Amino acid sequence: MSLIELSEQELVRRQALEELQKLGINAYPAEKFEINATTSEILTFYNEESKNYQNVSIAGRVMSRRIMGSASFAELQDEKGRIQLYFNRDSICTGEDKTLYNTVFKRLVDIGDIIGVTGYVFTTKMGEISIHVSDFKMLSKSLRPLPIVKEKDGQLFDAFTDPEQRYRNRSLDLIVNPNVKETFIKRTKVVNTMRNYLNEKGYLEVETPILQPLYGGAAARPFKTHHNALDQTLYMRIANELYLKRLVVGGFDGVYEFSKDFRNEGMDRFHNPEFTQMELYVAYKDYYWMMDLVEEMVEQVALAVNGTTQVQVGDNVIDFKRPWKRYTMYSAIQEFTGIDISQMNEAELRETALKLKVGIDETMGKGKLIDSIFGDTCEAKLIQPTFIMDYPIEMSPLAKKHRTTEGLVERFEAICNSKEICNAFSELNDPIDQRQRFEGQLELGKRGDDEAMVLDEDFLKALEFGMPPTAGLGIGIDRLSMIMTNSASIQDVLFFPQMRAEKKAAKDDNEKYTALGIPAAWVGVIQKAGYNTIEQLKNANPNKLHQEMCGLNKKLKLELPNPKIEEVKVWVENIS
RNA sequence: GAUUCAGUAGCUCAGUAGGUAGAGCACAUCCCUUUUAAGGAUGGGGUCCUGGGUCCGAAUCCCAGCUGGAUCACCA
């Protein structure tokens, strides 16, 4: 990177780095720095009477500095929080040489630098627990200025809030917005709690392919890629259901996987192209059994994350305490619309949907119509965790036919805060029925449903060997994390949400400029003036260009000899 | 995809009869031995998102585009 592309503040920091080097200080030392305390630990356990923490060694990032002559205060932020540091010139520089304080601390340490300090803990006159620094060491120099977020009585000042900047620059977001860290710690707690719960039950965590020759297990459009050596199309998985069931066939009676799945569909605050699901399959169980498991597991998650079954989400308090309300899909629609659709055929459903102003289209079969009616009339009203059971067979090609009711399958979803958080079935293990269902999907595909499933012969072959009756579950980790952390957007529970690529101005190589006779030192200047390509330079007014170059030379204090106007004209004319 | 709002200094934001671009924090220089978002003084810092247009003159008005937010529709 050329120096002229840097802001003044970045230049100042690079100069400070050079000065440190001149003083013999390595701003990026290799050796470890011994730490024996954390900020939160000191703030919690320091006690003035017992005089503990009188020899602490702690490291972190300098977040603020207040310098007043030979005494200064700074704030140090480590992983756990912040603590105030007190620097006194004569404590840090016990001899005659006051360079460490006067030059290194006061002039060469910037906000954002990572330092290690040793000293003792005391309480200031203002009553704030602080570290009296006896020595400090530069551990990493920060070359970019940090947005300074200040906080007083819970009110934030100058907060770094622009979502685009925050998501594109998550490191910075985490440094200056401490509550962001909290959200991700909670997300990990969600996952760990589930994993512990499942391991305690003796289920086996497994891994299955992400690159798949056929995609399946869900209704979604996939990402497509290509393997060169095999010269074969591969898809990134949209679900791992079919592979996990093949493991159940193989004799694992309880298997689960936390899986990144990929769906090539729209993006908004509930959808990211890659997302995480936990899928679980347990042999010899059914969907009623699985409902009990979901209730118990999610209740434990809520307790682990927030210490209570009640979670504030937006304007609502959601209570995960068992048992949750249970509806069948038909009874839910009847409850919220007063209409019994359980006996309707496709034409009647279409008519009902139109009457209820439900969005439908020509490609929809009976199952999708019912799902649409349910989605539009019921979901918004389901805030507390609720199970919706018994879905139409047409939209659930992997679920087992209902044990008593024709046309339905044994499937449930848990809906919470109007969003699906899990989906589960008594898994279809009849290989002949499964083949027919896949064939039905192929029909839907021909009608234009681009999410219809494809027929997977390998999976069918496995089923033909015999799969025990099995209960299966998929639970959305991102959605669950959003609820558990009261996050309005999926981007807030993903460290690095997918973003559109930032557009960068195209620039020609330096050689193209020097080939015209332009001195290399001036190339950066010309580009800074806005002539990033030879094509742009071709149309430049030489007089204007000359003035801009001289102006930047002066402004940036480059002290280059200014070119003659004739030379500039020749450069521009040379472009053919 | 539709609608709508927005893009000005490192950060948060002002900026209308179209007429030399502002504040606070951050940064620099100087003064100061304990400050609680902020000690005092002085100073530097801008492609006003990009490209066209109108105009003597555009951050401002018009058109197009880019990017993002919000709401809605579809997938988890």
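A.B. asks: Explain the environment of Ser-481 here, please?
C.D. replies: Structurally, Ser-481 can be placed in helix H15 (residues 477-484). What makes Ser-481 buried here is its relative accessible area of 0%. Once the C-alpha coordinates of Ser-481 and Thr-183 are considered, the two residues, 298 residues apart in sequence, prove to be 8.5 Å apart. The residues contacting Ser-481, other than those within four sequence positions of it, are Arg-187, Val-190 and Val-493.

A.B. asks: I would appreciate a short explanation of the protein's contact with RNA strand B in the present structure.
C.D. replies: Taken together, 50 residues lie around RNA strand B, and Lys-150, Lys-152, Glu-265, His-271 and Arg-479 are the ones closest in. The share of sugar and phosphate among atoms of RNA strand B within 4 Å of the protein is 53%. One nitrogen or oxygen atom from the side chain of Gln-84 is found 2.5 Å from a base oxygen belonging to RNA strand B. Interatomic distance of 2.5 Å between a side-chain N/O atom of Glu-128 and a base oxygen of RNA strand B. For the surface near RNA strand B, the secondary-structure elements that each account for two or more residues are helix H1 (8-22), strand E1 (56-68), strand E3 (81-88), strand E6 (150-152) and helix H5 (163-168). Its residues assigned to classes, the surface near RNA strand B comprises 16 nonpolar, 11 polar and 23 charged.

A.B. asks: Mind showing me how you'd approach the sheet that holds strand E4 (residues 114-123) here?
C.D. replies: In any sheet, the strands associate via hydrogen bonds between backbone groups, in a parallel or an antiparallel arrangement. On the basis of which strands lie adjacent, the closed barrel formed by 5 strands has the order E1-E2-E3-E5-E4 and mixed pairing. For this sheet, the mean inter-axis angle between neighbouring strands, taken without regard to orientation, is 50°. Across 10 bridges, E4 lies against strand E5 (residues 129-140) in antiparallel orientation. Along E5, the bridge assignment pairs Phe-122 with Ser-130.

A.B. asks: How do you make sense of helix H10 (residues 329-337) when you look at a structure like this?
C.D. replies: Spacing of three or four residues puts side chains on the same side of an α-helix, whose turn is 3.6 residues. Taken as a whole, H10 has its buried residues at Met-329, Tyr-330, Ala-332 and Ile-333. Considered in projection along H10, the buried side chains sweep an arc of 160° and stay on one side of the axis. In this fold, the buried residues of H10 make contact with strand E16 (325-328), helix H12 (366-377), strand E17 (386-392) and strand E18 (408-416).

A.B. asks: Would you explain the pattern of salt bridges in this entry?
C.D. replies: Following the criterion strictly, the structure yields 31 salt bridges and no others. Its salt-bridge partner being Asp-492, residue Arg-166 comes within 3.9 Å of it at the nearest N-O pair. Taken together, the residues span a long stretch of sequence, with Arg-166 in helix H5 and Asp-492 in the loop between H15 and helix H16 (510-514) at a distance of 326 residues. Put simply, Glu-413 and Arg-411 hold a salt bridge, and the shortest N to O gap is 3.0 Å. Considered together, Glu-413 and Arg-411 belong to a single accessibility category, that of buried residues. One network of salt bridges, in which partners are shared, links Arg-166, Arg-170, Asp-173 and Asp-492.

A.B. asks: Explanation requested: unusual backbone geometry in the structure shown.
C.D. replies: Most peptide bonds take the trans configuration, and most residues that are not glycine carry a negative phi. At the junction of Arg-322 and Pro-323, the peptide bond is cis and its omega measures out at -10° in the coordinates. Position of Pro-323 among the secondary structure elements: in the loop between strand E15 (316-319) and E16. Here the phi dihedral of Asp-231 falls at roughly 45°; this positive angle occurs in a residue that is not glycine. Residue placement: Asp-231 occurs in the loop between strand E10 (224-227) and strand E11 (232-236). On the accessibility criterion, Asp-231 (59% relative accessible area) is exposed.

A.B. asks: Is there a simple way to think about the pairing of E5 in this case?
C.D. replies: Residues in a regular strand point their side chains to alternate faces of the sheet. Bridge count between E3 and E5: 3 bridges; the pairing is parallel. By the bridge assignment, Leu-85 is partnered in E5 with Ile-131. In this antiparallel pair of consecutive strands, E4 and E5, the connection spans 5 residues, and Gly-127 shows a positive phi of 85°.

A.B. asks: What exactly am I supposed to notice about the sheet that holds E10 here?
C.D. replies: The 3 strands are arranged E9-E11-E10 in an open sheet whose pairing can be described as antiparallel. Where the open sheet ends on each side, the last strands, each with one partner, are strand E9 (211-212) and E10. Bridging between E9 and E11 involves 2 bridges; their strand directions are antiparallel. Paired with Leu-211 across the two strands is Met-236, which belongs to E11.

A.B. asks: How should I be thinking about the packing of aromatic side chains in this particular structure?
C.D. replies: Ring pairs (aromatic) are described by centroid distance and by the angle formed between their planes. Counting across every chain of the model gives 18 aromatic pairs. Put simply, the rings of Tyr-287, Tyr-288, Phe-320, Trp-324, Phe-387 and Phe-412 touch in pairs and so form one group of aromatic residues. Directly above the ring of Tyr-391 sits Arg-411, whose terminal nitrogen or CZ lies 4.5 Å from the centroid. Over the ring of Phe-270 we find Lys-419; its NZ or CZ atom is 4.2 Å from the centre of that ring.

A.B. asks: It is not clear to me how the nonpolar core should be interpreted in this structure. Could you clarify?
C.D. replies: The tendency in soluble globular proteins is for nonpolar side chains to be buried side by side. Among the nonpolar cores identified, the biggest contains 42 residues, and Ile-333, Ile-341, Phe-374 and Ile-388 are the most heavily contacted of them. Dropping the residues within four chain positions of it, Phe-374 is found in contact with Met-329, Ala-332, Ile-333, Glu-379, Leu-382, Ile-388 and Ile-415. If you look at the next biggest cluster of nonpolar residues, it comprises 41 residues, including Val-301, Ala-414, Cys-422 and Leu-473.

A.B. asks: Explain the environment of Asp-135 to me, please; I cannot follow it from the model alone.
C.D. replies: With respect to the secondary-structure elements, Asp-135 resides in strand E5. Exposure remark for Asp-135: the relative accessible area of 39% places this residue in the partly exposed category. It is 67 Å that separates the C-alpha atoms of Asp-135 and Ala-452, two residues lying 317 residues apart in sequence. Beyond its immediate sequence surroundings of up to four residues, Asp-135 is in contact with Leu-100, Gly-116, Val-117 and Thr-118.

A.B. asks: Is there a simple way to explain the confidence of the model for chain A in this structure?
C.D. replies: When pLDDT drops low, the exact placement of atoms in the prediction is not to be read closely. Taken residue by residue, chain A gives an average pLDDT of 87. The fraction at 70 or more is 92%. Mean pLDDT in chain A bottoms out at helix H19 (residues 542-555), which sits at 65, and peaks at strand E8 (residues 204-205), which reaches 98. ipTM for the predicted complex: 0.83, alongside a pTM of 0.88.

Parameters at a glance
- Residues numbered from 1 in each chain as written.
- Chains lettered and ligands numbered in written order.
- Predicted model: local features only at pLDDT ≥ 70, side-chain atom pairs only at ≥ 80, totals over all residues.
- Heavy atoms only, no water.
- Helix = DSSP H or I, 4+ residues; strand = E, 2+ residues; numbered from the N terminus.
- Buried < 20%, exposed > 50% of the residue type's maximum accessible area, 1.4 Å probe, protein only.
- Contact = heavy atoms within 4.5 Å.
- Near = heavy atom within 4 Å.
- Polar contact = N/O pair within 3.5 Å; in protein donor to acceptor, adjacent residues only side chain to side chain.
- Nonpolar A, V, L, I, M, F, W, Y, C, P; charged D, E, K, R; others polar.
- Pairing = 2+ DSSP bridges.
- Axes fitted to C-alpha atoms, helices over the stretch in contact; angles between N-to-C directions.
- Arc of directions from axis to C-beta.
- Salt bridge = Lys/Arg side-chain N within 4 Å of Asp/Glu carboxyl O.
- Phe/Tyr/Trp six-rings, centres within 6.5 Å; stacked < 30°, edge-to-face > 60°.
- Lys NZ or Arg CZ within 6 Å of the ring centre and 35° of its normal.
- Core = buried A, V, L, I, M, F, W, Y, C linked by side-chain atoms within 4.5 Å.
- pLDDT = per-residue confidence, 0-100.

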